[in-house]
Amino acid sequence: MMNTVYKIIASGLVQGIGFRPFVAELAESLNLAGQVKNLGGIVEIIVSGDKKAVDAFVQRLKCVSETGELPGCRIDELDVEEIDEEFPDWKFHIVESGNGREVRRFLPVDLPTCDRCVAEMHDPSNRRYRYPFISCTACGPRFSIQKNVPYDRETITMDVFPMCDACKKEYTEKGNIRRHAQTIACKDCGPSLRYVAVKDAVKTEEDSMQHFLQISDEKKAISEAVQALLQGKIGAIKDIGGYHFAFSPMNSQTASRLREFKNRDKKPFAVMFLNLDEVREYCEVSEKEAALLESSARPIVLLKKKKDFVPEICGESDRIGALLPCNPLQILLLEETGPLVMTSGNRGGEPIIISEEEMMQHIGKGIDFMLTHDREILTPLDDSIYQVTEIEHRGGCILENDDRIQLIRRARGLVPEPIHLHRRLTKDTFAAGGDLKAVFALGRDELVYLSQYFGDLEDVRCMESREKGLRRMQQLLEISPEIRVGDLHPAYVSAQNTQKKIQHHHAHVASVIAEHGLEGKVLGVACDGTGFGTDDTIWGSEFLLCEDEKMTRAGHFSAVKLVGGDASAKQADMTLYSYMLEARERGYDVEDFFKECEKACTDIQGNLDEAAMQKLKLQEMAWKQNINTAISSSMGRLFDAAAALLDICHYNSYEGECAILLEQAAHVGKAEMDSMSKTEVNMLQKIIKIVYVKIDNFWQANSVKLLVDLYRFKKQYSKEVLAYLFHHAVATVLVEMADQICEEEDVNQIALSGGTFINRILLTEVICGLYQRDRSVYTNEKVPCGDGGIALGQMYLATFPD
């Protein structure tokens, strides 16, 4: 009886997750012969045997993504072809990988330590007991250490660690969880840990040098690090994607020291917990939030705080950025120390440090010790960040299970997993993204590979890291772009050498269209801090009618002349002053505001602060004479102005600080309003609102008057109540204008994007309001709604011919 022989090509996420051993053991269980091998970025299988058994084999493979038999595996395509070939023996082999240039390539993401490895690490009888680099086919570093394809021992940075005899045996042993695990290692043959700290210092007139204590014994190194952390010291811990700075969140002095070192005055620190029970002690955790915390990306999840650490950890925030450990070393540390602050290992805006040589420069100069290892990291990867926005149920708005999962930063555990378009690119394409929260993308056919987060490109180190990352991804994916698209902004360095320029907010909206595969007309509502418009002004509160590659601006908030250029993005008082100058120009009575500003320039004794008064006069003169001014409809700057007006926050020491604290105050104000009468609430919402009119075919919302109205009520109501009324007014006019434009243009699909929609109150009220009007509402889910997602929108728009 003739055997049936199939040649099978599996494409998808099939490398670095134990797919070949799974295939081999499945074939062996069915008494099939053949072979399996990596071929470029895909897997080739040849299987021979009884037809019934071979067909059963194929059927199991087709179902593996759905059954969860092989965690992390995703087969996107299974090409099965019957061939005329026989095998000399009745065995199934995992054979040496081959080269190949497949059209669709998938690279493995870094995976958290699996439960089986954790159990072995805790078993005193296991030879990997407390080994900080334990891994198997289901867990461990992947993309961060990958040099080339296919994903094999020789093409990752583990190639410098020859396997010992015991590991070699496991590597080839049937049924072993480390069968063909490329990161297999143990204490005898794998990476090793080292503790480094300043021992003492010797100084002479001629030179200065530091002597370092170095401990290479892993048990002692971990013990020394634990003791240092418990004593209030700051450590640089080398993890999967780079170094974290770690310290105890119970120590105010230590937190203040690191804030000074990182030049990070107020931005909250993320805290790592050992398990969900620990997280729940400090935070409120919903089912969706728990699922995110335990997901394979092991991201930071922003959670409502119910118990605080020392004030210097979360600052003024009412939330904690919580995460669970993703590697064995973190688990071993947290078991001894309890929760630890884990923040990116860098001084400020530059990329996360991955080099021991670079980190050594900070030991004894702000950082107390380093816990490092000799497994090289090739791709720097920060922690990914999520939040869950609960969409509230209210009259006529029935939103079962419609809580929105929002990705704030797409990095470790998610990169380089591609996003599928519902259209195809005609040529290999590069999308530059933007200069802020820089993320680029490479595209081929219907696949878009987004890079990791690089930070802001005004920092030359971020730019260099981005260029290095681009070369690396091009090599791994074998993509040589023929088309290059970028942002319309003429000063963006990211857009240099791009042939096609795409308006910033159009790209935001297009990213939502791309994610959800929307067809036909879509109304995009894009709200953020800045984006260069087609009229050479700064946009940021846009209503855009989109269909295919076409975009028409249908409306926006007040376009206001702002003084200060880039400085206005940080100095909220400066932005507020410009808004009030605009209000006076438009005929609103705001003279009391300017009198208060002048009064603020004198102290209690009545002495004039001439420098402060001069600053006000210079700003007014610059505004009137158009010196260093820009016309802006930015939603971000409107939120800054409101925060300053209500005396909630006057300066963005980190991006979005004013808006974050304004939203936080609004949550309190919303609760306060629950105790008011309905008559009073309705009265306030009717007075503090935004009027909109149609002028020259544009719907325009008068956000200037909103600030004037807030100022009128400033002495009558708390700043928290007014903060909520501000949010409600903005959300209401976004809903009403969107609904009006949809009626006029016969549109029902609405895409919300832009960084302002990280605001939970705004997103909730806008979605709920639009649902009440029977509109279909879409938001970003696979990429950030901020600038970290615009490369996807650019790539989608590149699918249309010029």
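Predicted model only: the values in this text are computed from it and were never measured.

## A closer look at the nonpolar core
Formed by 87 residues in total, the largest nonpolar core has its most connected members in Phe557, Leu734, Leu752 and Phe757. A total of 16 residues in this core trace back to one element, the largest contributor, which is helix H21 (residues 719-745). Setting aside chain neighbours within four positions, we find Leu734 in contact with Val525, Cys527, Phe543, Phe557, Met635, Phe757, Leu762 and Val766. Membership of the second largest hydrophobic core comes to 43 residues, among which are Leu193, Val226, Met272 and Leu333.

## What about the pattern of salt bridges?
Tallying each qualifying case throughout the model produces 41 salt bridges. Here Glu744 makes a salt bridge to Lys694, at a shortest N to O gap of 3.2 Å. Of the two residues, Glu744 is situated in helix H21 and Lys694 in strand S29 (residues 692-695); the sequence distance between them amounts to 50 residues. A single salt-bridge network, built from bridges that share partners, covers Glu25, Glu28, Lys174 and Arg179.

## Describing the packing of helix H14 (residues 572-585) against helix H20 (residues 703-712)
Their axes nearest at 10 Å, the elements H14 and H20 cross at an angle of 100°. In terms of their interaxial angle, H14 and H20 are classed as roughly perpendicular. Note on element contacts: H20 touches H14 through Ser703, Val704, Leu707, Val708 and Tyr711, opposite Tyr579, Met580, Glu582 and Ala583.

## Thoughts on unusual backbone geometry
The omega torsion of the bond from Val149 to Pro150 falls at -5°, within 30 degrees of zero and hence cis. Examined against the element boundaries, Pro150 turns out to sit in the loop between helix H3 (115-121) and helix H4 (165-172). Looking along the chain, the bond that leaves Val415 and enters Pro416 is cis, with omega of 10°. Checked against the element boundaries, Pro416 lands in the loop between strand S17 (404-409) and strand S18 (419-420). Despite not being glycine, Asp548 has its phi angle at roughly 55°, a positive value. Along the polypeptide, Asp548 turns up in the loop between strand S25 (538-547) and strand S26 (550-557).

## A look at the packing of aromatic side chains
Considering all chains together, one arrives at 17 aromatic pairs under this definition. Judged by centre distance (5.7 Å) and plane angle (80°), the rings of Phe245 and Phe261 are edge-to-face. Placement of Phe245 in strand S9 (residues 243-247) and of Phe261 in helix H6 (residues 252-262) is noted, with a sequence separation of 16 residues between them. The residues Phe245 and Phe261 share a single accessibility class, namely buried.

## Quick notes on the sheet that holds strand S21 (residues 447-450)
Taken together, the 6 strands give an open sheet; going across it, the order is S18-S21-S20-S19-S22-S23, and neighbouring strands pair in mixed fashion. Of all the strands in the sheet, just S18 and strand S23 (500-502) have a single pairing partner and so form its edges. When strand S19 (residues 429-431) meets strand S20 (residues 441-444), the two strands line up antiparallel, connected through 3 bridges. Paired with Phe430 across the two strands is Leu442, which belongs to S20. Sheet strands in contact with helix H23 (residues 790-797) are S18, S19, S20, S21, strand S22 (483-487) and S23, and its direction is about 145° off that of S19.

## Remarks on the packing of helix H17 (residues 635-645) against H21
Closest axis-to-axis distance for the H17/H21 pair is 11 Å, and the angle between their directions is 155°. Between H17 and H21, the interaxial angle falls into the category roughly antiparallel. Here H17 and H21 pass one another in a crossing that is right-handed. Where H17 approaches H21, its residues Met635, Leu638, Phe639 and Ala642 are matched on the opposing element by Phe726, His727, Val730 and Leu734. Across the contact of H17 with H21, the residue classes tally to 7 nonpolar, 1 polar and no charged.

## Quick look at helix H15 (residues 591-599)
Of all the residues in H15, the buried ones are Phe593, Phe594 and Cys597. Along the axis of H15, the buried residues cluster in a sector spanning 95°; they form a single face. Structural note: H15 exposes Lys595 and Lys599 on the side pointing more than 90 degrees away from its buried face.

## Topic: the sheet that holds strand S4 (residues 74-82)
Sheet strands associate in pairs through backbone hydrogen bonding, adopting either a parallel or an antiparallel arrangement. The 5 strands lie next to each other as S4-S1-S3-S2-S5, forming an open sheet whose pairing is mixed. Looking at strand neighbours, the two that pair on one side only are S4 and strand S5 (92-94), the edges of this open sheet. Sheet twist, expressed as the mean angle between neighbouring strand axes with direction ignored, is 15°. As paired strands, strand S2 (residues 33-39) and S5 are joined by 3 bridges and run parallel to one another.

## Describing the side chain of Asn38
Tracing the backbone shows Asn38 in strand S2. Residue classification places Asn38 among the buried positions, given a relative accessible area of 2%. Separated by 3.4 Å, the side chain of Asn38 and the backbone oxygen of Tyr151 make a polar contact. For Asn38, the side chain forms a polar contact with the side chain of Asp152, separated by 3.4 Å. Apart from residues no more than four positions distant in its own chain, Asn38 is found in contact with Gln15, Arg20, Val43, Ser97, Gly98, Pro150, Tyr151 and Asp152.

## Quick word on the confidence of the model for the protein
Where the model shows low pLDDT, its predicted coordinates should not be examined in detail. Residue-level pLDDT values for the protein average 92, and 96% of them are 70 or greater. Below pLDDT 50 for its whole length, residues 201-209 participates in 6 contacts with residues either more than four positions away or in separate chains.

## Side note on the environment of Gly636
Structurally, the position occupied by Gly636 is in helix H17. Here Gly636 falls in the buried class, since its relative accessible area comes to 14%. For the pair Gly636 and Gly18, spaced 618 residues apart in the sequence, the C-alpha separation amounts to 46 Å. Excluding residues within four positions of it along the chain, Gly636 makes contact with Asp528, Gly529 and Thr756.

About the thresholds
Residues numbered from 1 in each chain as written. Predicted model: local features only at pLDDT ≥ 70, side-chain atom pairs only at ≥ 80, totals over all residues. Heavy atoms only, no water. Core = buried A, V, L, I, M, F, W, Y, C linked by side-chain atoms within 4.5 Å. Buried < 20%, exposed > 50% of the residue type's maximum accessible area, 1.4 Å probe, protein only. Helix = DSSP H or I, 4+ residues; strand = E, 2+ residues; numbered from the N terminus. Contact = heavy atoms within 4.5 Å. Salt bridge = Lys/Arg side-chain N within 4 Å of Asp/Glu carboxyl O. Axes fitted to C-alpha atoms, helices over the stretch in contact; angles between N-to-C directions. Parallel < 35°, antiparallel > 145°, perpendicular 65-115°, else oblique. Phe/Tyr/Trp six-rings, centres within 6.5 Å; stacked < 30°, edge-to-face > 60°. Pairing = 2+ DSSP bridges. Left-handed = near helix turned anticlockwise from the far one by under 90°. Nonpolar A, V, L, I, M, F, W, Y, C, P; charged D, E, K, R; others polar. Arc of directions from axis to C-beta. Polar contact = N/O pair within 3.5 Å; in protein donor to acceptor, adjacent residues only side chain to side chain. pLDDT = per-residue confidence, 0-100.

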